[in-house]
Amino acid sequence: MTVTSSLQVEQIDSYRWRVERTGRMRTHGLIFADTELMHDLEGDQCVQQVVNVAHLPGIVGPSIAMPDIHWGYGFPIGGVAAFDENDGVVSPGGVGYDINCGVRLLSTPLTIDELRPKLSLLADDLYGNIPSGVGSSRSDLKLSRLELDRVLEGGAEWAVDEGFGTARDLECIEAGGKLDADPGCVSERAKERGRNQVGTVGSGNHFVEVGYVDEIYRPDAAARLGLSIGSVTVFIHSGSRGLGYQVCDDYLDTMVRAAAKYHIELPDKQLCCAPLNSKEAMSYFGAMNAAANYAFANRQLMSHYARRSLTKVFSPQIAGETDLVYDVAHNIAKFETHLIDGRHQRVCVHRKGATRAFPPGHPELTARYRDIGQPVLIPGDMGRYSFVLTGTEGAYSETFGSTCHGAGRRMSRHHAKKVARPRNIRKELERQGILIRAASRRTVDEEIPEAYKDVATVVDVVDGAGIGQKVARLRPVAVVKG
Amino acid sequence: MTYRFLPHTADVIVQIEAASLANVFRDAMAVVRLLVAGDTTVTTAQSHAVSLTAQAADELLLRFIRELLTQFQLDTFVPGELEIRELDPMRFEGAVMGEPFDDAKHDAQPEVKAVTRHGLSVEETSAGWRAVLVLDL
């Protein structure tokens, strides 16, 4: 099958496609997709981006793309690549601007029938409690420079220490919600951009979504996660806001210079990078992890405000029994140990629009989930459904413990707006029983459900390929957007 | 107006064709205005001095757009007019005039995270100048 005129892509099986190694590629590409999803990629540059990543020094294993792959900048969105700790590189373009953009899911003790009569009140209160929209900020939480540094060092742990959550929450966050960071590597401008945005959802595809469990595929795992048919959930999708964007911008400049200094040839300037053992890479890790901690704290605060809304609309008891199911990053680069060609090797795994999916028994998992595998949260579009999965041995052995992160766009924003213009999307969704609270009609229009691939198709590919296992499906009933 | 949006699945690609490098910068500012505040009028109540240097015209334009996006994020400053005092492919001196975002007259848009180097180009052509930009939304 030819995706573009110059790339030969061969189908391996029902869910895997191999992009042959040519020219200066250091490895081949591996794309997870079914025939329909692969067809969607024709004419798009994302497969070329898989090829571009395969040119980077020290890449270990293939340049991987998940079934929600779409055209990004530098790396494709949905890209995974691992680099040898001695010969490899780190690239801010392999993480993205929204460092530690990620998702978290809360399970409540409410049922959908108990929620319905107060759904509108809850949607209004969440919209008022969690600022959304471009440049949204919290008037009640402007951090001093000193306090911001504590956020950058402590992540979700800072938030819990300040009373925004519980110690149990920390157990259920990737890396405990805290990475080894150096706030001194974060620029003053980045800090200025981050001072009053912690606890805000932002804009674009970010959201706070109230939903309920409508299908369960693995009752044992679902029960462990606190999910049962009809139980109400709160899904949060956001990242490191302006602070993260600025860190990425700052270090792209650093890496452009570093790539020249270390004579690294780049097929795309946005892939600029530095050797993992260089001082430029060390600084980037210090700053990237600080931004990641900011994102963990951001989602922790939003959980706190969601619990506050549940207290107001229902009761303190309902809020108190609302547990964090899991919080996972989908834009990050991390050192991890993987079994490669029969030996354990420490590599730097870049996940850009991809989710960590560690298998049962992995030592990094909380004891609570060690026997079922890491929870993986896959949001869909605001009109259909989202999924909860768990990590698998297949992901660990084939994709550096990674799986998909969402539905993936299939329609440009411009096209989506054109399609939505004569319609009232908010009313359409309301007729389907989904309330929308949004700062901008433009955002709602650009995020129409049909702008995205059907996330069920994406999830069926990862489940079929064995790089994730379906546990439950969630239906949205109220969505707060920017 | 000499810019147009090209198809992209998730982000925004803009192609600018202009008679001069100065007009490339003016059009780039108009694109930022459109992306942050919609098709709107902007007064020149406030002025921000901008002084930038770079190794080449593409990097200079990238830094200029970054500056506009940061001003919007930090102060909700919407750019309206551009005063260019000095411009060559490696140096920009001037000022951006505009006003803070106003819900009553401006149209809130989805957030522009950054301008990227993916596919970035600024080049002189037989007809003037052409620039291509990808912005991350």
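Residues numbered from 1 in each chain as written. Chains lettered and ligands numbered in written order. Predicted model: local features only at pLDDT ≥ 70, side-chain atom pairs only at ≥ 80, totals over all residues. Heavy atoms only, no water.

*Asks:* Explain empty space enclosed by the protein to me, please; I cannot follow it from the model alone.
*Replies:* The method is simple in principle: a probe with the dimensions of a water molecule rolls over the atoms, and the space it marks as empty is what remains. In this structure the tally under the stated criterion is three cavities of 30 Å³ or more. Here the largest cavity defines a volume of roughly 530 Å³. The wall of the largest cavity is formed by 34 residues, among which H70, N205, H237, H405 and Y452 of chain A lie closest to the centre. Here the lining of the largest cavity is composed, by residue class, of ten nonpolar, 13 polar and eleven charged. In terms of lining residues, the second largest cavity is bounded by V134 of chain A together with L35, V36, L69, F72, Q73, Q109, P110, E111 and V112 of chain B. Of all the secondary structure elements, the ones that give two or more residues to the lining of the second largest cavity are α1 (21–37) and α2 (57–75) of chain B. If one sorts the elements of the lining of the second largest cavity by residue count, α2 of chain B sits on top with three residues. Of the residues assigned to the lining of the second largest cavity, the class counts are seven nonpolar, two polar and one charged. (1 Å grid on protein atoms, 1.4 Å probe; cavity = no way out; pocket = protein on both sides within 12 Å on 5 of 7 lines; lining within 4 Å. Points joined across faces, edges and corners; volume = space filled by probe spheres on them. Nonpolar A, V, L, I, M, F, W, Y, C, P; charged D, E, K, R; others polar. Helix = DSSP H or I, 4+ residues; strand = E, 2+ residues; numbered from the N terminus.)

*Asks:* Please explain the interface of chain A and chain B as it appears in this structure.
*Replies:* Often, the extent of an interface is quoted as the loss of accessible area upon association of its parts. The interface of chain A with chain B comprises 39 residues on the first partner and 28 residues on the second. Together, the buried faces of chain A and chain B total about 3,000 Å²; carbon and sulfur atoms form 51% of this surface. Sorting the residues of chain A by area buried against chain B places W71, V134 and R413 of chain A first, and these three jointly supply 19% of that buried surface. Put simply, chain A and chain B have eight salt bridges between them. With a shortest N-O distance of 2.6 Å, R117 of chain B and D253 of chain A are connected by a salt bridge. Run the count over chain A and chain B and you get 21 residue pairs in polar contact (both at pLDDT 80 or more). Secondary structure elements with two or more residues in the side of chain A that touches chain B: β5 (59–73), α8 (188–194), α10 (241–261), α14 (413–420) and α16 (441–446) of chain A. Counting residues per element, the side of chain A that touches chain B draws most heavily on α10 of chain A, at eight residues. (Contact = heavy atoms within 4.5 Å. Buried area = accessible area lost by both parts, 1.4 Å probe. Salt bridge = Lys/Arg side-chain N within 4 Å of Asp/Glu carboxyl O. Polar contact = N/O pair within 3.5 Å; in protein donor to acceptor, adjacent residues only side chain to side chain.)

*Asks:* Just to check I follow, could you spell out the packing of aromatic side chains for this structure?
*Replies:* Here the distance between the centres and the angle between the planes together describe a pair of aromatic rings. All names here are of chain A. One pass over the structure, following the stated rule, counts 16 aromatic pairs over all chains. An angle of 55 degrees between the planes, with centres 6.4 Å apart, marks the rings of Y284 and F285 as tilted. Per residue, the accessibility class of Y284 equals that of F285, and both read buried. Between Y326 and Y369 the ring centres are 6.2 Å apart and the planes differ by 65 degrees, which places this aromatic pair in the edge-to-face class. Remark: Y369 occurs in the loop between β15 (355–356) and β16 (375–378) and Y326 occurs in strand β12 (residues 323–329); sequence separation between them is 43 residues. Look at Y326 and you get buried, because its relative accessible area is 3%. Here the aromatic residues Y251, Y284, F285 and F335 are joined through ring pairs into a cluster of three or more. (Phe/Tyr/Trp six-rings, centres within 6.5 Å; stacked < 30°, edge-to-face > 60°. Buried < 20%, exposed > 50% of the residue type's maximum accessible area, 1.4 Å probe, protein only.)

*Asks:* Explanation requested: α2 of chain B in the structure shown.
*Replies:* Since one α-helical turn is 3.6 residues long, residues separated by three or four positions face the same way. Residue and element names in this part refer to chain B. With 19 residues, α2 should reach 27 Å at 1.5 Å per residue; the first-to-last C-alpha distance of 27 Å fits that figure. When you tally the buried positions in α2, you get 16 out of 19 residues, the bulk of the element. Where α2 terminates, the next one or two residues include T76, which has phi positive at roughly 50 degrees. (Expected span 1.5 Å × (residues − 1).)

*Asks:* Explanation requested: unusual backbone geometry in the structure shown.
*Replies:* As a rule of thumb, non-glycine residues mostly have phi less than zero, and peptide bonds are mostly trans rather than cis. Residues and elements named next belong to chain A. In this model, R241 sits at a positive phi of 55 degrees, which is unusual for a non-glycine residue. Its place among the elements puts R241 in helix α10. Positioned with a positive phi, F400 is a non-glycine residue whose angle comes to about 55 degrees. Counting through the fold element by element, F400 comes out in the loop between α13 (393–398) and β18 (402–403). In this structure F400 comes out as buried when scored by relative accessible area, which is 7%.

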